[in-house]
Amino acid sequence: MKEGLSQQEVSWLQQLQQNSEQALAMLMRHYYADLFNYAARFARDESVIKDCIQEVFISLWQRRETAGTILSLRYYLLRAVKNKVLKALYYNDRKTGLDYFRGDYDFFHEFSIERIIIEKQISEENAEKLKRTLEQLTKRQKEVIYLKFYQHLDHGQIAELMSVSRQSVYNLLHETIQKLRSLWHTAFITR
Amino acid sequence: MKDFRLFDITDFVLDEDFIRWVHEKKEEDETFWNNWLRQHPGKHLVIAEARRILESLKTAESPIPDHVVTYEVDRLMQTIRDQHEPTRLTARRRHIWRYAAAAAIAIILTVAGVKYIPFSGKPSTFKVSYASLTAERRLIEKVNTSNTPVHLSLPDGSSIELAPQSRISYAKNFDSVGTRDIYLSGEAFFDVARMPNRPFRVFANNIVTKVLGTSFSIRSFEADTTIQVIVRTGKVSVFTYNENPGKTAADAVSNPDEVILAPNQRLVYEKAAQKFQKVLLENPVMTLSAEADRNMVYDEAPIDKVFDAIAKAYDITIVYDTELLQHCTVTADLRHEPFYRKLDLVCRAIGASYEVIDGQVVIQAGGCD
């Protein structure tokens, strides 16, 4: 079995190669929320996002015979969705167009500070500090965090998806963690 | 096996097992970590800090309503069913359709896979025009005002096919100085006589194409937004040229940002963005004799032999993991097939796919047993 694919995914891919529409439907259902949420970080327009996801699954269906070459389904789908959305957003825009190849695209990401305030009962002062720290993160730091902690990609996949080196992925993560460490270190509250 | 005793806070925050425990709070993980903490009581603080950092990074994720997902899944099913052909026709029709899809993918990937070579240094807003390049230089000018291409011979034996509405100019002593310089406005195909110590250079607006002996074409109309260079044989080097007072064209000899262009590659220079983009031609032609094609019948041939033959025949670099594919063999008849069809057949035989990136073909595959 291939690394990075769960038993379930391997079985879906096998069924897909045998022309199972059902497998395609299950795949879409399984990944829909994650793909939508990722795409929503680049684009605000829901209909653009939905159309891009449709196209990604249509091409997966069209290339189903070679689906066996997919090493990680999650990575494959995230990458395809990202490419589709960025292309849809920037392709016809002569001014800013094509800049996304160099990583120059928006990444809208919101942290749920309200939840941590309620769950951990941190002081208003500390919540304010946390909020400021997170707001200061760069677009690319946010994207790395999102791909690492929410999509659970490995560092190699994150690097490829963002067209940066593995070392930069680690650096981006490390910088963020360092910032939070010093924040919590000064304001550490025992539970 | 991981030794968590050696982990510092950052290691924990980045560890998949640790993340799963904090995020998913599964019972088996709870048991594991509580036991571990009991055995290593000194680590409580580190664990607590790592947890806190992970929890700080929680995202506001809006759930997608079930009916939305169901609607989208139905929409997908509808689309793929509409694409189905009537059953009887399948064999042949499907075949063609798949080929068309492969061709379309190749073209799209050519666009998606492009890599930009950004220029270092300050981007200049200078627009170099044919007029400014040729001003104050005593040059011989040839203009094609007709509706058909015109054939021209140069003093050095090189020949030029000058497209309609295009003009070139060159110095009187064109073939007796260090470089053979041509100024172009419009489109032309060049067949350059080989003179290894006298580079042949074409100045077309902001870009300079330098060759030793080769054939290639350049399209550079003032009204176009791009300048394009296509190589037929040999290799050419292309770089930008920014007019500089006190600097003559002859000074623009070397440039760290030069791009080397091989046959079957097309270079597109976007004037506004001042960026180079290297793409493969949509239908690459063989640079070797037809005999190379006649030998392309393979029976259980090792994959490197097949890729080598294709790469040589078209002078296109094919990048793949030799170690990973060392056990792959190909049985196929690739004669008379166009380039992308050849690639397609080989890739299908070994369960691989390819992308065209920066004018090169990159094979992606899982390997063979």
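Right above here is the structure, for reference.
Criteria and thresholds
Residues numbered from 1 in each chain as written. Chains lettered and ligands numbered in written order. Predicted model: local features only at pLDDT ≥ 70, side-chain atom pairs only at ≥ 80, totals over all residues. Heavy atoms only, no water. Salt bridge = Lys/Arg side-chain N within 4 Å of Asp/Glu carboxyl O. Buried < 20%, exposed > 50% of the residue type's maximum accessible area, 1.4 Å probe, protein only. Helix = DSSP H or I, 4+ residues; strand = E, 2+ residues; numbered from the N terminus. Pairing = 2+ DSSP bridges. Phe/Tyr/Trp six-rings, centres within 6.5 Å; stacked < 30°, edge-to-face > 60°. Lys NZ or Arg CZ within 6 Å of the ring centre and 35° of its normal. Contact = heavy atoms within 4.5 Å.

**Structural notes on the pattern of salt bridges**
All names here are of chain B. Scanning the entire structure with this criterion turns up 26 salt bridges over all chains. With its nearest N and O atoms 3.0 Å apart, the salt bridge here joins aspartate 3 to arginine 5. What makes aspartate 3 partly exposed here is its relative accessible area of 27%. The residue arginine 219 makes a salt bridge to aspartate 224 at a minimum N-O spacing of 3.0 Å. One salt-bridge network, held together by shared partners, links Lys2, Asp15, Asp17, Arg20 and Asp29.

**A word on the pairing of strand S13 (residues 265-270) of chain B**
Residues and elements named next belong to chain B. Across the 6 residues that make up S13, a large majority, 6, are buried. Here S13 shows a buried face lined by Gln265, Leu267 and Tyr269 and a second buried face lined by Arg266, Val268 and Glu270. Of the pairings in the sheet, the one linking strand S10 (residues 226-233) to S13 comprises 5 bridges and is antiparallel in character. Within S13, the residue paired with threonine 226 across the bridge is glutamate 270. Sheet topology places S13 next to strand S14 (residues 275-280); 6 bridges connect them, and they run antiparallel. Looking at S14, one finds that arginine 266 is bridged to valine 279.

**Structural notes on the packing of aromatic side chains**
Following the criterion strictly, the structure yields 26 aromatic pairs over all chains and no others. Pairing phenylalanine 12 of chain B with tryptophan 33 of chain B gives two aromatic rings, centres 6.0 Å apart and planes at 70 degrees, and the pair type is edge-to-face. In this pair, phenylalanine 12 of chain B sits in helix H1 (residues 9-14) while tryptophan 33 of chain B sits in helix H3 (residues 27-39), placing the two residues 21 residues apart along the sequence. The interplanar angle of 70 degrees and the centroid separation of 5.2 Å between the aromatic rings of phenylalanine 339 of chain B and tyrosine 340 of chain B together place this pair among those described as edge-to-face. Across the pair, exposure class does not vary: phenylalanine 339 of chain B and tyrosine 340 of chain B are buried alike. Linked through ring pairs, Phe4, Phe7, Phe12, Phe18, Trp21, Phe32, Trp33 and Trp36 of chain B together constitute an aromatic cluster. Lying across the ring of tryptophan 61 of chain A, arginine 64 of chain A places its NZ or CZ 4.1 Å from the centre.

**Focus: the side chain of serine 159 of chain B**
All names here are of chain B. With respect to the helices and strands, the residue serine 159 is situated in strand S4 (residues 159-162). The buried category is assigned to serine 159, whose relative accessible area is 19%. In this view, serine 159 contacts His151, Leu152, Phe189, Phe190 and Asp191; residues no more than four positions away in its chain are not counted.

In short, geometric facts, not functional conclusions.
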